[in-house]
Amino acid sequence: MDEVFKALADASRRSLLDRLHARNGQTLLELCDGLAMTRQAVTKHLGILEDANLVTTLKHGREKLHYLNPVPIHEIGERWIRKFERSKLAALSELKRQLEKRDA
């Protein structure tokens, strides 16, 4: 679980996970598209995400496709959020969202 927290601590890696959540099964070049990072930097971040089991890969011909693995994030949620009452957390989250929306 420590590897997952360390992987999630970086904004660039969270961005890559968001991109895979939006469209799973992307190549390295697709993931690099539109990012202000070098291909080598994206490769390094993907390696850290793979080591944390947050991203899995599948070779398809000459391409390597990257897929989000949500299981470790779910396990964190079960371990750390389940302890607390979800309904209260959801209400607080909704209140925060409404207040931010009003202030924008």
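Keep in mind it's a predicted model, so treat the numbers as computed, not measured.

Caption draft 1: Quick peek at the overall build of the protein. In terms of helices and strands, the protein carries six helices and two strands. Start at the N end of the protein and walk to the C end: the helices and strands fall as α-α-α-α-β-β-α-α. Here the protein has a C-alpha radius of gyration of 16 Å; the compact-globule value for 104 residues is 13 Å, and the former is much larger. The principal-axis extent of the C-alpha atoms belonging to the protein is close to 50 × 35 × 20 Å. Looking at the protein as a whole, 26% of its 104 residues qualify as buried. Contacts spanning at least 24 positions in sequence make up 50% of the contacts within the protein whose residues lie at least 6 apart. Summing over all exposed atoms, the protein offers an accessible surface of approximately 7600 Å²; the carbon and sulfur share of this is 55%. Treating the 19 positive side-chain charges of the protein as one cloud and the 15 negative ones as another, the clouds have centres 1 Å apart.

Caption draft 2: Structural view of the pattern of salt bridges. Going through the model one piece at a time under the given rule, you end up with four salt bridges. As a salt-bridge pair, Glu 50 and Lys 64 come within 4.0 Å of each other at their nearest N and O atoms. Taken together, the positions of Glu 50 in helix H4 (residues 39–51) and Lys 64 in strand E2 (residues 63–68) put the pair 14 residues apart, joining distant regions of the chain. Overall, Glu 50 belongs to the partly exposed group, its relative accessible area being 27%. Look at Lys 64 and you get partly exposed, because its relative accessible area is 35%. As a salt-bridge pair, Lys 96 and Glu 100 come within 2.7 Å of each other at their nearest N and O atoms. Of this pair, Lys 96 and Glu 100 both sit in helix H6 (residues 86–103), four residues apart, which is roughly one turn of the helix. Classification of Glu 100 as partly exposed rests on a relative accessible area of 44%.

Here is what the cut-offs are and how they apply
Residues numbered from 1 in each chain as written. Predicted model: local features only at pLDDT ≥ 70, side-chain atom pairs only at ≥ 80, totals over all residues. Heavy atoms only, no water. Helix = DSSP H or I, 4+ residues; strand = E, 2+ residues; numbered from the N terminus. Rg over C-alpha atoms; globule rule 2.2 N^0.38 Å. Buried < 20%, exposed > 50% of the residue type's maximum accessible area, 1.4 Å probe, protein only. Contact = heavy atoms within 4.5 Å. Areas by Shrake-Rupley, 256 points an atom, 1.4 Å probe, with all protein chains shown as cover. Lys, Arg positive; Asp, Glu negative; His and termini not counted. Charge placed at Lys NZ, Arg CZ, Asp CG, Glu CD. Salt bridge = Lys/Arg side-chain N within 4 Å of Asp/Glu carboxyl O.

Shape is all these values report; function is a separate question.
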